[in-house]
Amino acid sequence: MYEGHTIGVVVPAYNEEGFVGDVLDSLPDFVDRVYAVDDASTDGTWDEICDYAAVERAARTRVSDDTDDQIVAIRHDQNRGAGGAIKTGYFAARADGIDVTVTIDADGQMDPAMMTRLLDPIVTDEADYTKGNRLSNSEFRSSMPKFRLLGNWLLTGLTRIASGYWDVTDPQNGYTAISLPALEAIDLEGMYEYYGYCNDLLVKLNVAGMRVTDVDMPAVYGEEESSIEYGDYIPKVSLMLLGNFFWRLGSRYRTHPLSIAYAVGILAALAGFIHGFRAISSILTGSESDDAQKSLTSFTLGVGGIITGLVLDRRENR
């Protein structure tokens, strides 16, 4: 336990042989239960988890009559993605009534010694969900590969707009902690199962009215290889965020002025594109048209509406 709260840790693992055992071994002593979820790995990840769980069980048996396993080994029959593995762990932690559930990757990039930074805002009732942030500190940013940094800044902006958490940075960070009330409040069944689960979860937390806090921390990049294909990843997550943006507005602000401003802005911008194409067509065919003026007017109205919506949205979610 930590400060009177039971602590669970979800460790999603896919082809992390040689890493996952070290991660399990490095978790703090105050952790009450670990949900090690093998997402249908094709290497020795599952055997490594089971071996470590057996050693831990034997050690506990020698010193205690407690028959509850600290490490719960779970295996997917089919690969469901990082979000699917996290979802499985969340379901198990929620069923067990764990007060705070932490997620930490099995690749060794996250420092377990920093776990208390994520826990403190929750156990003191200052936040319902905390997440790591590698971008706020220039020293931490310098250790991140440049292509990851660029993609992360892009998704930070998109996630802020989609989620309504305008001060959240580094939404891709999977080192997180969530309270039991927040875990019970969100639509866990509908959680995105691809790598964008972090972004999707933030939108769900906003709709549920949960408090989110960033926690500064560095990342460690070693010999492990990322399985993310960014050419596929960024378009998929961007489309998911677009859908989540409209879902959040419909769920929380159906008749709110910010939704009206967004709607007017988006529709006017689309009208501007249509008139713009017509104006270009008129120029190419040599015919007369007032579509150029209509396009400019519509774009101006569209930009104004969207900016108004953004301002109202930020003020509402301050």
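Residues numbered from 1 in each chain as written. Predicted model: local features only at pLDDT ≥ 70, side-chain atom pairs only at ≥ 80, totals over all residues. Heavy atoms only, no water.

S.K.: Sorry if this is basic, but what is going on with the overall build of the protein chain here?
M.R.: Of regular secondary structure, the protein chain possesses eleven helices and seven strands. Burial analysis of the protein chain (318 residues in total) assigns 48% to the buried set. Relative to all contacts within the protein chain whose residues are 6 or more apart in sequence, the contacts with residues 24 or more apart total 79%. For the protein chain, the accessible area works out to roughly 15,400 Å², and carbon and sulfur atoms hold 55% of it. (Helix = DSSP H or I, 4+ residues; strand = E, 2+ residues; numbered from the N terminus. Buried < 20%, exposed > 50% of the residue type's maximum accessible area, 1.4 Å probe, protein only. Contact = heavy atoms within 4.5 Å. Areas by Shrake-Rupley, 256 points an atom, 1.4 Å probe, with all protein chains shown as cover.)

S.K.: Explain the sheet that holds strand β5 (residues 129-133) to me, please; I cannot follow it from the model alone.
M.R.: Hydrogen bonds between backbone groups are what pair the strands of a sheet, and the pairing can be parallel or antiparallel. Ordered by their spatial adjacency, seven strands build an open sheet running β3-β2-β1-β4-β6-β5-β7, and the pairing between neighbours is mixed. Strand pairing shows two members of the sheet lacking a second neighbour, β3 (71-75) and β7 (212-216), which therefore form its edges. Taken pair by pair, the neighbouring strands of this sheet meet at an average axis angle of 20°, ignoring direction. Bridge analysis of strand β4 (residues 100-103) against strand β6 (residues 176-179) gives four bridges, and the strand direction is antiparallel. Pairing of T103 across the sheet is with T176, part of β6. Packed onto the sheet, helix α3 (residues 82-96) meets β1 (7-13), β2 (33-38), β3, β4, β5 and β6 and runs at close to 150° relative to β2. (Pairing = 2+ DSSP bridges. Axes fitted to C-alpha atoms, helices over the stretch in contact; angles between N-to-C directions.)

S.K.: Just checking my understanding: could you explain the pattern of salt bridges for this structure?
M.R.: Any two side chains of opposite charge can pair if their charged atoms end up close together. In this structure the tally under the stated criterion is 13 salt bridges. R94 serves as the salt-bridge partner of E189, at 3.4 Å between the closest nitrogen and oxygen. Taken as a pair, E189 in the loop between α7 (180-185) and α8 (197-207) and R94 in helix α3 lie far apart in primary sequence, 95 residues in all. For R94, a relative accessible area of 23% corresponds to the partly exposed category. (Salt bridge = Lys/Arg side-chain N within 4 Å of Asp/Glu carboxyl O.)

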